[in-house]
Amino acid sequence: MAILVVGHKNPDTDTVASAIGAADLYSKRGMEAKAVTQGEIAPETAFVLGKFGVAVPEIVTDATDKQIILVDHTDISQTIDNLDKGELLAVVDHHKLGDITTAGPLEMWVWPVGCSATVLKSMYDFYNVEIPANIAGIMLCAILSDTVMFKSVTCTDADKAAVEALAKIAGVSDVMALGMEMFKVKSAVDGASASELVFRDYKDFDMSGNKVGIGQLEVVDLSMLDAHKAALQAEIEKVKAEGRHSVFLLLTDIMKEGSEMLIASDDPAVVEKAFGIATKGEPVWLDGVMSRKKQVAPNFIKAFEG
Ligand code: MN
Ligand code: MN
């Protein structure tokens with residue numbers, strides 16, 4: 001039975017592309033592996049896979065009796081169900097270390113870079129394995145997506161170098177044009193329900209015993225969301241009522257390089273503790289804030305601690 005390579009819940013382009021790439025690399029290392037996802041892929045990812053002619057992975061949600069490789073996360077709240085009833089062989093990631101543990105030794109490839117696909121590019125190089133052109137293409141898009149075309153504070157020189165090398169392999173001459181095309185697909189909100197939009201890129205965290213959800217929508221122009229804001233606010237109130245302390249939704253304008261944050265919280269004072277901006281629950285503008293991982297989740301984790 002093939003090893004399953006899987007990323008986090010609510011799969012984004014990096015989670016899917018890095019699972020596909022890691023499955024290719026591990027298979028070529030002699031460990032037969034297959035990429036899967038925990039759920040339906042987002043429109044941006046569908047565009048990327050279609051663009052490079054890569055098949056959409058099958059959905060698998062249970063790890064019982066399976067060998068598993070995780071990409072793009074190490075948090076129990078984001079991982080495949082019953083991971084503890086399977087066997088975790090390896091992790092390829094670029095986030096803070098989560099709360100997953102193992103009974104046996106494992107491979108850990110966890111680097112502080114902007115994208116799991118950047119780590120994976122170095123792994124291909126380490127094992128001297130050629131990256132297929134179509135996989136190079138989706139990995140390149142994953143890096144452009146996670147680093148918001150190099151604008152995010154999470155972006156490193158390693159990410160830029162990886163994009164340059166992957167573009168050559170994939171035969172992409174204008175990476176920024178490809179990035180804009182991809183973000184326009186990601187920005188398309190008309191026709192999607194409020195629930196689809198909130199969960200398109202959403203993560204639950206445990207913050208000092210409080211369940212806190214943070215979603216993010218990245219658009220090329222925030223005014224595209226004006227007509228949807230009331231419905232999005234109502235939706236996060238609903239999600240909060242399902243047993244969470246807070247749900248925050250970041251509406252990130254990638255051209256203005258900041259985020260408007262919608263708030264549903266038992267205690268909106270945590271927003272002031274985290275960002276120094278007072279609110280009774282009305283939305284706040286966070287200038288320069290584009291990264292949930294580096295600029296939002298850590299501030300809230302601290303705010304909930306004290
Ligand atoms: Mn991800
Ligand atoms: Mn990622």
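Refer to the structure presented above.
The rules behind each value
Residues numbered from 1 in each chain as written. Chains lettered and ligands numbered in written order. Predicted model: local features only at pLDDT ≥ 70, side-chain atom pairs only at ≥ 80, totals over all residues. Heavy atoms only, no water. Helix = DSSP H or I, 4+ residues; strand = E, 2+ residues; numbered from the N terminus. Rg over C-alpha atoms; globule rule 2.2 N^0.38 Å. Contact = heavy atoms within 4.5 Å. Areas by Shrake-Rupley, 256 points an atom, 1.4 Å probe, with all protein chains shown as cover. Donors = N, O, S within 2.8 Å, 3.2 Å for Na, K, Ca; no water. Buried < 20%, exposed > 50% of the residue type's maximum accessible area, 1.4 Å probe, protein only. Axes fitted to C-alpha atoms, helices over the stretch in contact; angles between N-to-C directions. Parallel < 35°, antiparallel > 145°, perpendicular 65-115°, else oblique. Left-handed = near helix turned anticlockwise from the far one by under 90°.

What follows is about the overall build of the chain. Scanning the chain from terminus to terminus reveals ten helices and eleven strands. A compact globule built from 306 residues should have a C-alpha radius of gyration of about 19 Å, and the chain, at 19 Å, falls within 12% of that. For the chain, the C-alpha atoms occupy an extent of roughly 55 × 45 × 35 Å along the three principal directions. Contacts spanning at least 24 positions in sequence make up 62% of the contacts within the chain whose residues lie at least 6 apart. Approximately 12,500 Å² of the chain is accessible, and the part contributed by carbon and sulfur atoms is 53%.

Moving on to the coordination of the manganese ion (ligand 1). Donor atoms from the polypeptide that bind the manganese ion (ligand 1) are H8 (NE2), D12 (OD) and D72 (OD), placed at 2.0 to 2.3 Å. The distance between the manganese ion (ligand 1) and the manganese ion (ligand 2) comes to 3.5 Å, with D72 serving as a donor to both metals. Pair noted here: H8 is in the loop between β1 (3–6) and α1 (13–28) and D72 is in the loop between β4 (67–71) and β5 (87–93), with a separation of 64 residues, a long-range link. On the accessibility criterion, H8 (1% relative accessible area) is buried. What makes D72 buried here is its relative accessible area of 1%.

Moving on, we come to the environment of V148. For V148, the position within the fold is in the loop between α4 (133–146) and α5 (157–170). When near neighbours in sequence (up to four residues on either side) are disregarded, V148 contacts F183, E218, I254 and M290.

Relative to each other, α4 and α5 sit at 150°, their axes nearing to 8 Å. Our classification of the angle between α4 and α5 gives roughly antiparallel. The interaxial crossing formed by α4 with α5 has left-handed handedness. Here α4 contributes A133, A136, G137, M139, L140 and I143 to the contact with α5, which in turn contributes D159, A162, V163, L166, A167, I169 and A170.

Before going further, it helps to spend a moment on the coordination of the manganese ion (ligand 2). Protein coordination of the manganese ion (ligand 2) is provided by D14 (OD), D72 (OD), H94 (NE2) and D146 (OD), with donor distances spanning 2.1 to 2.3 Å. Ordering the donors of the manganese ion (ligand 2) by residue number gives the pattern D-x57-D-x21-H-x51-D.

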